Amino acid sequence: MTFEELNSVRKMKKQIAEENKKLKALEIVIESFPHKYGKSEGGGQTSKNPTSPFEIFLMQKCECEEKIEKLQSQLREEVPRLTKKIQENFTDSTEQTLLLYRYVACKFFKEISFLLGYSEQWIYKKHKELLKNL
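Residues numbered from 1 in each chain as written. Predicted model: local features only at pLDDT ≥ 70, side-chain atom pairs only at ≥ 80, totals over all residues. Heavy atoms only, no water.

Here we come to the nonpolar core. Counting 18 residues, the largest nonpolar core has L6, L82, I86, L98, L99, I112 and I123 as the members making the most contacts within it. Listed by contribution, the elements that provide at least two residues to this core are α2 (8–32), α4 (53–89), α5 (93–103), α6 (109–116) and α7 (120–132). No other element matches α4, which puts four residues into this core. Once residues within four sequence positions are removed from consideration, L82 is found in contact with M1, E5, L6, S8, V9, Y103 and V104. (Core = buried A, V, L, I, M, F, W, Y, C linked by side-chain atoms within 4.5 Å. Buried < 20%, exposed > 50% of the residue type's maximum accessible area, 1.4 Å probe, protein only. Helix = DSSP H or I, 4+ residues; strand = E, 2+ residues; numbered from the N terminus. Contact = heavy atoms within 4.5 Å.)

Written out as structure tokens, the structure reads:
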């Protein structure tokens, strides 16, 4: 097991969060456009300028939604795979739990120390030790 494998879920969750921020921003921009940019008087799409700013933002929104969906699908596959790998590679239940909290649940060290009942300093030390053994 490598650090890249261990960090795969955290990386995907971070990418999803970034894409969600982009999506929210695009939705705000799209909502701010006057209706005349998006639709003709008859209710259909305008054909005068197929590359209007409104249409470009709509395309970007669709691309962003597709990317989020793809990442979420990958995440649904990766979480059980990573969980299994951690359980196979680390026999101690405390070590497994620490790594599952950190790399699957994406918790901060402070939260992990509280949940496991150890000092934050011990959690940092144990985590560093586990990474050295990868």
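Moving on, we get to the pattern of salt bridges. Close approach of charged atoms allows side chains of opposite charge to pair. Applying the stated criterion to the full structure yields eight salt bridges. For the salt bridge of K22 with E19, the shortest nitrogen-to-oxygen distance reads 3.1 Å. Of the two residues, K22 and E19 both sit in helix α2, three residues apart, roughly one turn of that helix. Taking the relative accessible area as the measure of exposure, K22 reaches 46% and is therefore partly exposed. Classification of E19 as buried rests on a relative accessible area of 6%. A salt bridge links E95 to K126; its shortest N-O distance comes to 3.1 Å. Taken together, the positions of E95 in helix α5 and K126 in helix α7 put the pair 31 residues apart, joining distant regions of the chain. Neither residue differs from the other here; E95 and K126 are each classed as buried. What you see here is one network of salt bridges that share partners, running through E19, K22 and K67. (Salt bridge = Lys/Arg side-chain N within 4 Å of Asp/Glu carboxyl O.)

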